[in-house]
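Per-entry structural report
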Amino acid sequence: GEDVEQSLFLSVREGDSSVINCTYTDSSSTYLYWYKQEPGAGLQLLTYIFSNMDMKQDQRLTVLLNKKDKHLSLRIADTQTGDSAIYFCALASGGSYIPTFGRGTSLIVHP
Amino acid sequence: DTAVSQTPKYLVTQMGNDKSIKCEQNLGHDTMYWYKQDSKKFLKIMFSYNNKELIINETVPNRFSPKSPDKAHLNLHINSLELGDSAVYFCASSHPRDSQAFFGQGTRLTVV
């Protein structure tokens, strides 16, 4: 299977919370990132977490890391239509530092 | 000022042609990358380059070659373009020790 896996689609109602999940295989992953890609645009780094952390909160964004299960999640509180985009999970290990990306989750926010 | 800039933004060319995509970063980063994003949005690393080392994804055809005239630039040259090369190509840069990659806006390459 893929080194980094994500669900392809997530649909939520405006105002609800969104949770985007990511699982990975490389237990040596040191840096774990979430990127956002809006239509026709490049990738924007949203937030990141180091492997020695369990959680990081940044305004409406909460990142949770479960190293035992190799599971990373991104929670977006009070999801807005402007949050509609593709969200990529990316990981890098201390060896190569080259980010490896998941296939991205398309978040669709409807009124 | 744009941190990572790529030119051109769109490139339409015929099969068999040779083309280049330019990338410049003003972040002072040591490491630059080229990624290919296919029609299903899958991002795959093509090259990673700093002033010491070029790491090539072995699945990348040798028709693709990165060229770095200096630390702030990493251009992508593609020879003998094929239909399957159509994709969006992203340049990125990072400091080598934290790999927080900053991306350009992408170059949409269409081979006809």
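To keep things clear, this report deals only with the structure shown in the data block. (Residues numbered from 1 in each chain as written. Chains lettered and ligands numbered in written order. Predicted model: local features only at pLDDT ≥ 70, side-chain atom pairs only at ≥ 80, totals over all residues. Heavy atoms only, no water.)

**With respect to the overall build of chain B**
Counting its secondary structure elements, chain B contains zero helices and eleven strands. Order of helices (α) and strands (β) in chain B, N terminus to C terminus: β-β-β-β-β-β-β-β-β-β-β. Relative to the 2.2 N^0.38 estimate, which gives 13 Å for 112 residues, the radius of gyration of chain B is 13 Å and therefore close to what a compact globule would have. Its C-alpha atoms give chain B principal-axis dimensions of about 40 × 30 × 30 Å. For chain B, the share of sequence-separated contacts (at least 6 apart) that also reach a separation of at least 24 residues comes to 54%. The positive charge centre, built from 13 side chains, and the negative charge centre, built from 11, are 5 Å apart in chain B. (Helix = DSSP H or I, 4+ residues; strand = E, 2+ residues; numbered from the N terminus. Rg over C-alpha atoms; globule rule 2.2 N^0.38 Å. Contact = heavy atoms within 4.5 Å. Lys, Arg positive; Asp, Glu negative; His and termini not counted. Charge placed at Lys NZ, Arg CZ, Asp CG, Glu CD.)

**Section: the sheet that holds strand β1 (residues 4-6) of chain A**
Within a sheet, adjacent strands bond to each other through the backbone by hydrogen bonds, running parallel or antiparallel. Residues and elements named next belong to chain A. As summarised here, the arrangement of the five strands in space is β1-β3-β8-β7-β6, forming an open sheet in which the pairing is antiparallel. Strand pairing shows two members of the sheet lacking a second neighbour, β1 and β6 (55-58), which therefore form its edges. Between one strand axis and the next, the sheet turns by 15° as a mean value, whatever way the strands run. Summarising the sheet, strand β3 (residues 18-24) and strand β8 (residues 71-76) pair through six bridges and their orientation is antiparallel. Paired with Val19 across the bridge in β8 is Arg75. (Pairing = 2+ DSSP bridges. Axes fitted to C-alpha atoms, helices over the stretch in contact; angles between N-to-C directions.)

**Some details on the sheet that holds strand β8 (residues 75-78) of chain B**
Residue and element names in this part refer to chain B. Overall, antiparallel pairing links the four strands, which are arranged β1-β3-β8-β7 in an open sheet. Looking at the sheet topology across the chains shown, the edges are occupied by β1 (4-7) and β7 (64-67). Strand-to-strand twist in this sheet, taken as the mean axis angle between neighbours without regard to direction, amounts to 20°. Of the pairings in the sheet, the one linking strand β3 (residues 19-25) to β8 comprises three bridges and is antiparallel in character.

**Observations concerning the pairing of strand β5 (residues 43-50) of chain A**
In regular strands, side chains alternate between the two faces of the sheet. All names here are of chain A. With seven bridges connecting them, strand β4 (residues 29-37) and β5 associate as antiparallel partners. Among the inter-strand pairings, Gln37 is bridged to a residue of β5, identified as Leu43. The antiparallel hairpin formed by β4 and β5 contains five residues in its connecting segment, where Gly40 sits at a positive phi of about 70°.

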